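Coordinates in review
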Amino acid sequence: MTVPPLQRRHFMRRVSVGLAAVCALPRLSYAASPPWPHRPVRLIVVYPPGGVSDGMARVLADPLAQSLGVPVLIENRPGAGGSLGMDALARATPDGCTLAFSAISPLTLHPLIARVPYDPLRAFAPVASVMRTPVLVVGTQAFTGRGFGELIAQARSRPGAVRWATSGVATIGHMVLAQVRMQSRTDITHIPYQGGGPQLNDALGGQFEVLSTNVAAQQLQYIEGGRFQALAVGAPARIEALPAVPTLAELGFEKANRDSLFGIFAPAHTPASVVQRLNLEINRVLRSDAVLARLRGAYNLPAGGGIEDFAHEITLDRRRNRELVAGDRSQFD
């Protein structure tokens with residue numbers, strides 16, 4: 001069958017228009033999705049300005065900005081143990097231009113004991129672990145024993161008489177105490193504080209027998225001066241500042257051998273290529289002499305590693321916390 005010339009011209013014109021539209025699609029798509037990073041990166045720090053975590057985030061920001069070619073702007077969003085800042089991240093556009101620096105506890109612990117405004121399993125993309133903050137367990141001048149073994153012996157012989165202070169319910173120091181109390185089956189009285197200042201002042205005044213806190217220069221000075229007795233550390237291995245002090249794992253309390261793991265997070269659905277690039281750049285920055293010196297100066301341990309490694313650490317911590325909270329929910333009320 002022969003197609004009339006007029007119909008054939010109309011058909012070819014439509015084909016040409018369709019091909020032109022298809023050929024234009026890649027250019028339109030590229031124009032709508034500029035290469036990352038296309039604007040300054042906002043790094044939400046879920047803690048107040050001036051602390052060790054805030055300082056570490058600022059140390060990371062400058063070399064990261066140089067690598068990415070855009071400014072990295074710090075935004076402090078403290079509150080609710082980090083949950084407020086993580087909620088801001090969960091609501092951000094997942095384009096790789098909003099990140100957060102936080103401990104993993106807003107994902108692995110807080111949702112187990114209180115309502116949070118985000119889904120801890122689905123709202124975030126782990127990017128890279130940054131540092132571990134060891135836990136230090138010390139005896140004050142009110143503690144009459146020598147060593148961690150005598151602490152447990154006193155707790156067994158005098159239920160409730162040994163008082164153990166932490167910086168608050170569901171903090172890492174409290175998690176250490178809860179694990180020790182559960183494993184040893186002892187009645188140790190928890191003294192929760194709101195922050196470290198009043199807690200440290202009362203420790204020096206002998207208002208309780210035991211204190212769990214982060215390793216810091218001030219606490220080390222009190223140990224050297226005899227005002228505190230170092231009983232144990234929560235860390236993967238003995239720390240350089242206290243080589244004679246055993247880890248809780250060495251003392252038989254492996255589940256209590258806790259530290260705080262901090263890292264960088266992105267909103268869920270951030271492109272995988274962006275997350276991978278960020279992981280590579282953060283690991284490169286963590287190997288620099290300046291960052292390593294800052295970590296050691298604050299008695300923190302460098303972390304780092306792949307995205308899967310960080311995600312695995314988060315899963316393990318969530319499982320461990322779930323078992324602990326389910327075992328004795330009353331400790332967290």
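An account of the accompanying structure is given in this report. (Residues numbered from 1 in each chain as written. Predicted model: local features only at pLDDT ≥ 70, side-chain atom pairs only at ≥ 80, totals over all residues. Heavy atoms only, no water.)

1. A few points about the pairing of strand β1 (residues 41–45)
Among the five residues in β1, four count as buried, and that is most of the element. Running through helix α2 (residues 52–68), the crossover from β1 to the neighbouring parallel element strand β2 (residues 72–76) is right-handed. The pairing of β1 with strand β3 (residues 98–103) spans four bridges and is classified as parallel. The partner of Ile44 across the bridge, within β3, is Ala100. (Buried < 20%, exposed > 50% of the residue type's maximum accessible area, 1.4 Å probe, protein only. Helix = DSSP H or I, 4+ residues; strand = E, 2+ residues; numbered from the N terminus. Right-handed = clockwise from strand over helix to strand, strands pointing away. Pairing = 2+ DSSP bridges.)

2. With respect to the side chain of His110
Topologically, His110 is positioned in helix α5 (residues 110–113). Residue class for His110 comes out buried when judged on its relative accessible area of 12%. A polar contact of 3.4 Å, which involves the side chain of His110, links it to the side chain of Ser83. Once residues lying within four places of it in the same chain are set aside, the contact partners of His110 are Ala80, Gly81, Ser83, Ser105, Val116 and Ala170. (Polar contact = N/O pair within 3.5 Å; in protein donor to acceptor, adjacent residues only side chain to side chain. Contact = heavy atoms within 4.5 Å.)

3. Some details on the pattern of salt bridges
Summed over all chains, the structure comprises 14 salt bridges. Salt-bridge contacts for Arg58 lead to Asp54; the nearest nitrogen and oxygen are separated by 3.0 Å. In this pair, Arg58 and Asp54 are both assigned in helix α2, four residues apart and thus about one turn of the helix distant. The exposure class assigned to Arg58 is partly exposed, which follows from its relative accessible area of 37%. For Asp54, a relative accessible area of 4% puts it in the buried group. Bridged by salt links that share partners, the residues Arg42, Glu75 and Arg77 form one connected network. (Salt bridge = Lys/Arg side-chain N within 4 Å of Asp/Glu carboxyl O.)

4. Description of the packing of α2 against helix α10 (residues 272–286)
The contact between α2 and α10 brings their axes to 10 Å, and the two run at 130°. By the angle between their directions, the pair α2 and α10 is classed as oblique. As α2 runs across α10, the sense of the crossing is right-handed. Residues Leu60, Pro63, Leu64, Ser67 and Leu68 of α2 form the contact with α10, whose participating residues are Arg277, Leu278, Glu281, Ile282, Arg284, Val285 and Leu286. Looking at the contact of α2 with α10, its residues break down into eight nonpolar, one polar and three charged. (Axes fitted to C-alpha atoms, helices over the stretch in contact; angles between N-to-C directions. Parallel < 35°, antiparallel > 145°, perpendicular 65-115°, else oblique. Left-handed = near helix turned anticlockwise from the far one by under 90°. Nonpolar A, V, L, I, M, F, W, Y, C, P; charged D, E, K, R; others polar.)

Nothing here speaks to function; it is all geometry.
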